Amino acid sequence: GRGLFGGGHVATAAASRDEEAEVALEQRAGVDAAAMGPGPNDILRSALFSEAREAVLERGCRAQPRDEGSAAPRPLNDILQPGDAFPKPSACAADENMRALCELLKEAAIGREVLAAVSNKNIFAMLGTFLVGCARANISNAVVVALDDATAQFARGKGAHTYVRKLVARGGSTDNHATSGLKFAVLHEFLSAGCSVLLSDVDVLWMQNPFTLPSLYRDADVEGMTDGWDDVTAYGYEWPSHTRSLRLGARNSGLFYVRATVEAVRMMARLKGRMQREAVWDQTAYNEEMWWAALPREPAHGIAARVMNYLCHMNSKTFFRYMREDDQLLARHRPVSLHINYHPEKLPRMEDAFARYHGAAPDVDLGNGLGRPTKRAAQGGIHAWHWGVGLKA
């Protein structure tokens, strides 16, 4: 696995390894400071996959033991210890919502963990595809957090564990970005009860079970998917400037595992408050709170953060621009998840990826009727799409 970058607590290697780490970082970038170019967009040329590609072709997406001599993560400050009652009784007694959540967690959680997706009635087709994908991947601890009664009815009709939480976004909007920010209030409730959560947007297709494989390392407060597309953008590179800094692709707020720790609860509480007070995109706030140092009147959360392998928990740029065109990788490698986050054609691309990894089935409608292939099957399914926007023809 990759090393940990700590937000507030930084896992550091022995001093004798510092120079080796610097050399490795420069080698990952594959260019020296002059060749990188002066502009912030020059990194978009980066396409170096050797570390992650070699790893998944050799070992798949199963979490690997830490390399001998590498930095160890700090111990986690879990809300509950192994012998404690779950869900946490004092949290469950807080109000009616928490009582309802705790009853659900007693049934749905496995090993004090769930996969949770927040949804409203605007995206039933995508939610249905998401739930069937979870079922095909044998993820039995998936929970739909329904923001309205119609969504609760739909999810329960699909056999999903369902928590009804009628939250309203700042300003009252029900569009995708507005409702996405509600996740932090929900996560604060789950974590307070002692339940760790793999938060997933519904435009994520699941191909393997991340809990049982496992692809999760579970050694950080937050373990998140990256919007980076190669070794450099996912794992970081040194920015050539008068001050030394580490740059890396944004962590995506639509797919991350958050452990039920004191630090994670503190982070979610602040994010919940910011969503209520500020007109800020949830992903911006999520990354700020993960990486900001302490500010006046705002102490650091002290979280430790890990980035997920970008070829295991994939974004759609990585898949459609790079993996799809790599014959060996496409034939031999099965991702754990694919998030259709870079492209506007979310549902149809998700349907074609479903057909690729799960196939059509009598109980699945991939946009062309139950049991039938997708509308783009004759054009190659996933290969029909341009890596940018729209179809190739």
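Residues numbered from 1 in each chain as written. Predicted model: local features only at pLDDT ≥ 70, side-chain atom pairs only at ≥ 80, totals over all residues. Heavy atoms only, no water.

1. Let's talk about helix α5 (residues 96-108)
At step 1: Between the first and last C-alpha of α5 there are 18 Å, a value that for 13 residues agrees with the 18 Å anticipated at 1.5 Å per step.
At step 2: All buried positions along α5 are accounted for by M98, L101, C102, L104, L105 and A108. With its buried residues spanning 165° around the axis, α5 presents them on a single face. In this structure, α5 carries E96, K106 and E107 as exposed residues pointing more than 90 degrees from its buried face.
At step 3: Looking at the buried side of α5, the elements it contacts are α4 (89-92), β2 (113-119), β3 (142-146), β4 (161-164) and α9 (183-192). (Helix = DSSP H or I, 4+ residues; strand = E, 2+ residues; numbered from the N terminus. Expected span 1.5 Å × (residues − 1). Buried < 20%, exposed > 50% of the residue type's maximum accessible area, 1.4 Å probe, protein only. Arc of directions from axis to C-beta. Contact = heavy atoms within 4.5 Å.)

2. Description of empty space enclosed by the protein
At step 1: As enumerated under the stated definition, the model contains 1 cavity of 30 Å³ or more in all.
At step 2: By volume, the largest cavity amounts to about 40 Å³.
At step 3: Lining the largest cavity are R270, E289, W292, A293, A294, L295, E298, P299, A300 and H301.
At step 4: Taken together, the residues of the lining of the largest cavity break down into 6 nonpolar, 1 polar and 3 charged. (1 Å grid on protein atoms, 1.4 Å probe; cavity = no way out; pocket = protein on both sides within 12 Å on 5 of 7 lines; lining within 4 Å. Points joined across faces, edges and corners; volume = space filled by probe spheres on them. Nonpolar A, V, L, I, M, F, W, Y, C, P; charged D, E, K, R; others polar.)

3. Some remarks on the pairing of strand β7 (residues 222-226)
At step 1: Burial analysis of β7 places 5 of its 5 residues in the buried class, which makes it a mostly covered element.
At step 2: Two elements, β7 and strand β10 (residues 251-258), share 4 bridges in a ladder whose sense is antiparallel. Bridging across to β10, G224 finds its partner in F256.
At step 3: With 3 bridges connecting them, β7 and strand β11 (residues 304-307) associate as parallel partners. Within the sheet, the bridge partner assigned to G224 lies in β11 and is V307. (Pairing = 2+ DSSP bridges.)

4. Observations regarding α9
At step 1: Counting buried positions along α9 yields 9 of 10 residues, so the element is predominantly enclosed.
At step 2: If you check which residues of α9 are buried, you get K183, F184, A185, V186, L187, E189, F190, L191 and S192.
At step 3: Where α9 terminates, the next one or two residues include G194, which has phi positive at roughly 90°.

5. Things to note about the pairing of β2
At step 1: Summarising burial for β2: 7 of the 7 residues are buried, a large majority.
At step 2: Relative to strand β5 (residues 196-200), β2 runs parallel, the two being bridged by 4 bridges. Paired with V114 across the two strands is V197, which belongs to β5.
At step 3: As defined by bridge partners, β2 adjoins β3 across 5 bridges and the pair is classed as parallel. Paired with L115 across the two strands is A142, which belongs to β3.
At step 4: Between the parallel elements β2 and β3, the chain passes through helix α6 (residues 124-136) in a crossover that is right-handed. (Right-handed = clockwise from strand over helix to strand, strands pointing away.)

6. Some words on the environment of A355
At step 1: Looking at the secondary structure, you find A355 in helix α15 (residues 346-357).
At step 2: Judged by relative accessible area, A355 falls into the partly exposed class, the value being 32%.
At step 3: Each residue touching A355, except ones within four places of it in the same chain, is listed here: L366 and T374.

7. Overview of the side chain of E189
At step 1: Topologically, E189 is positioned in helix α9.
At step 2: Among the polar contacts made by the side chain of E189, one reaches the side chain of R165 at a distance of 2.7 Å.
At step 3: With near-sequence residues (within four places) excluded, E189 lies in contact with M98, L101, Y163 and R165. (Polar contact = N/O pair within 3.5 Å; in protein donor to acceptor, adjacent residues only side chain to side chain.)

8. What to know about the sheet that holds strand β12 (residues 313-315)
At step 1: As summarised here, the arrangement of the 3 strands in space is β6-β13-β12, forming an open sheet in which the pairing is mixed. The two strands at the open ends of the sheet, each matched to only one other strand, are β6 (204-206) and β12. For this sheet the average axis-to-axis angle between neighbouring strands, irrespective of direction, equals 15°.
At step 2: The sheet contact formed by β12 and strand β13 (residues 337-339) spans 3 bridges and is parallel. Pairing of M314 across the sheet is with L338, part of β13. (Axes fitted to C-alpha atoms, helices over the stretch in contact; angles between N-to-C directions.)

9. Quick word on the confidence of the model for the protein chain
At step 1: A residue-level look at the protein chain finds 88% of positions with pLDDT of 70 or above and a mean pLDDT of 88.
At step 2: Note that pLDDT drops below 50 for residues 1-19; the model gives that stretch 39 contacts with residues more than four away or on any other chain.
At step 3: Throughout residues 28-35 the model reports pLDDT below 50, and contacts reaching past four residues in sequence, or to other chains, amount to 16 contacts. (pLDDT = per-residue confidence, 0-100.)

10. Side note on the state of the cysteines
At step 1: Inspection of every chain in the model, using the stated rule, returns 2 disulfides.
At step 2: The disulfide that involves C92 links it to C102, with 2.0 Å between the sulfurs. Because the sign of the S-S torsion sets the handedness, a value of about -90° for the bond joining C92 and C102 places this disulfide among the left-handed ones. Here C92 is found in helix α4, whereas its partner C102 is found in helix α5, with 10 residues between them in sequence.
At step 3: Given a relative accessible area of 2%, C102 falls into the buried group.
At step 4: Sequence-ordered numbering of the bonded cysteines in the protein chain gives a pairing of 1-4, 2-3.
At step 5: The structure places no disulfide on C195, whose sulfur is separated from the nearest cysteine sulfur, that of C102, by 9.4 Å. (Disulfide = S-S within 2.5 Å.)

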